[in-house]
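Survey of secondary and tertiary structure
For reference, the chains in residue letters:
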Amino acid sequence: MATPLSADRLLAALRAEGVTVVEHPGWRTHHRNHTGAWGPVSGVMIHHTVSSGTASSVALCFDGYDSLPGPLCHGVITKDGTVHLVANGRANHAGGGDPSVLRAVVTEAYGDRPPAPREHQGSPGAVDGNSRFYGFECVNLGNGTDPWPAAQLDAIERVSAALCRAHGWGARSVIGHLEWSDWKSDPKGFGMPGMRDRVRKRLGAAPAARPTAPAQPAAPRYHPFPGTSFFRTAPSSPVITAMGRRLMAEGCGRYRVGPGPRWSEADRQSYAAWQRKLGFRGADADGWPGAASWNALKVPYTK
Ligand SMILES: [Zn+2]
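Residues numbered from 1 in each chain as written. Predicted model: local features only at pLDDT ≥ 70, side-chain atom pairs only at ≥ 80, totals over all residues. Heavy atoms only, no water.

With that settled, consider the state of the cysteines. Tallied over the entire structure, the rule returns 0 disulfides. Here Cys138 stays unpaired: no disulfide links it, and the sulfur of Cys73, its closest cysteine neighbor, is 8.9 Å away. (Disulfide = S-S within 2.5 Å.)

Attention now moves to helix 7 (residues 238–249). Between the first and last C-alpha of helix 7 there are 17 Å, a value that for 12 residues agrees with the 16 Å anticipated at 1.5 Å per step. For helix 7, the complete set of buried residues consists of Val239, Ile240, Thr241, Ala242, Met243, Gly244, Arg246 and Leu247. On the buried face of helix 7, the contacting elements are helix 6 (228–232), helix 8 (265–278) and helix 9 (291–297). Gly251 lies just past helix 7 and shows a positive phi near 75°. (Helix = DSSP H or I, 4+ residues; strand = E, 2+ residues; numbered from the N terminus. Expected span 1.5 Å × (residues − 1). Buried < 20%, exposed > 50% of the residue type's maximum accessible area, 1.4 Å probe, protein only. Contact = heavy atoms within 4.5 Å.)

Next up on the list: the pattern of salt bridges. If you walk through the whole model with that rule in mind, you get 14 salt bridges. With a shortest N-O distance of 2.9 Å, Arg165 and Glu17 are connected by a salt bridge. Pair noted here: Arg165 is in helix 4 (residues 150–167) and Glu17 is in the loop between helix 1 (7–16) and strand 1 (20–23), with a separation of 148 residues, a long-range link. Under the relative-accessibility criterion, Arg165 is labelled partly exposed at 22%. Residue Arg268 is joined to Glu265 by a salt bridge in which the shortest nitrogen-to-oxygen separation is 2.8 Å. With a gap of 3 residues between them, Arg268 and Glu265 both fall in helix 8, about one helical turn apart. Owing to a relative accessible area of 23%, Arg268 belongs among the partly exposed residues under this scheme. Using a relative accessible area of 42% as the deciding quantity, one classes Glu265 as partly exposed. Salt bridges sharing partners connect three or more residues here, namely Glu17, Glu157, Arg165, Arg198 and Arg202. (Salt bridge = Lys/Arg side-chain N within 4 Å of Asp/Glu carboxyl O.)

To continue, consider the side chain of His177. Mapped onto the secondary structure, His177 falls in the loop between strand 10 (174–176) and helix 5 (192–205). Overall, His177 belongs to the buried group, its relative accessible area being 4%. Setting aside residues up to four positions removed in sequence, His177 forms contacts with Met45, Ile46, His47, His93, Ala94, Lys184, Asp186 and Pro187.

Summing up the model confidence of the protein, the mean pLDDT is 93 and the portion of residues at 70 or higher is 94%. In the model, residues 207–212 has pLDDT below 50 throughout and makes 5 contacts with residues more than four positions away in sequence or in other chains. (pLDDT = per-residue confidence, 0-100.)

For the rest of this paragraph, the subject is unusual backbone geometry. At the junction of Gly39 and Pro40, the peptide bond is cis and its omega measures out at -5° in the coordinates. Along the chain, the position of Pro40 falls in the loop between strand 1 and strand 2 (43–48). Residues other than glycine seldom take positive phi values, yet Lys298 does so here, at roughly 55°. Looking at where Lys298 falls in the secondary structure, it is placed in the segment after helix 9.

Written out as structure tokens, the structure reads:
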């Protein structure tokens, strides 16, 4: 369940999903909120118009007709895959439906299909779908032979994914009208389980769902212990200079000309003084760095 998107957020969500949108004049304030609730919303419902032609289908969905006033959906998806927004708010598209289907959509706890609906508009156990679903009418005659062009199916997938993404829903929040009411047969000509698969894949692959690059680990403040063997090779490295400066700062410098990058006997004697300062004695204060004394020295990190 969720608060319905504002007109601006709906528009932005659709465009971010790559949907070609046409804003039908007046859509932002066109709704039936005076007749009932709008929200909380729980899903997206797909329909077919039983009509042909873009302009007449969009006009029909905006205006409705005598026995069923418009808006009849939120967006009309035409054969070329364009989405014409006609409403923002409650719309006359879902009608009454089965509460067990609503529960299945809210919990997204079903397999390929939600439970078969046993209710419809006006039946005793029906619940109001117009407050709970975004509705999209797809231009199609609904006779099972009128084709569904790839661009139109692609737009259905994108519109559904856009709303799921905006609300944090999965693909099971998208149903067909025929899955809501036992009186309905739309959409006819493609399967909702297959469409949900497409939406699921899109939700998993689209940019917004892509994991972000891992953050760069913060540079260490102190140089990690390079290992005793490192010093046995008489290395020449900035870390030796940095170490020598720290030994000087600790009053352990035994240098004649100051610390340099090449490990030397003066470094070993200086380091032995540092070990003795820490309380090490005998072989533990032989001047060859060990991990404990190194970490206590806190040699600034050098690249
Ligand atoms: Zn319908």
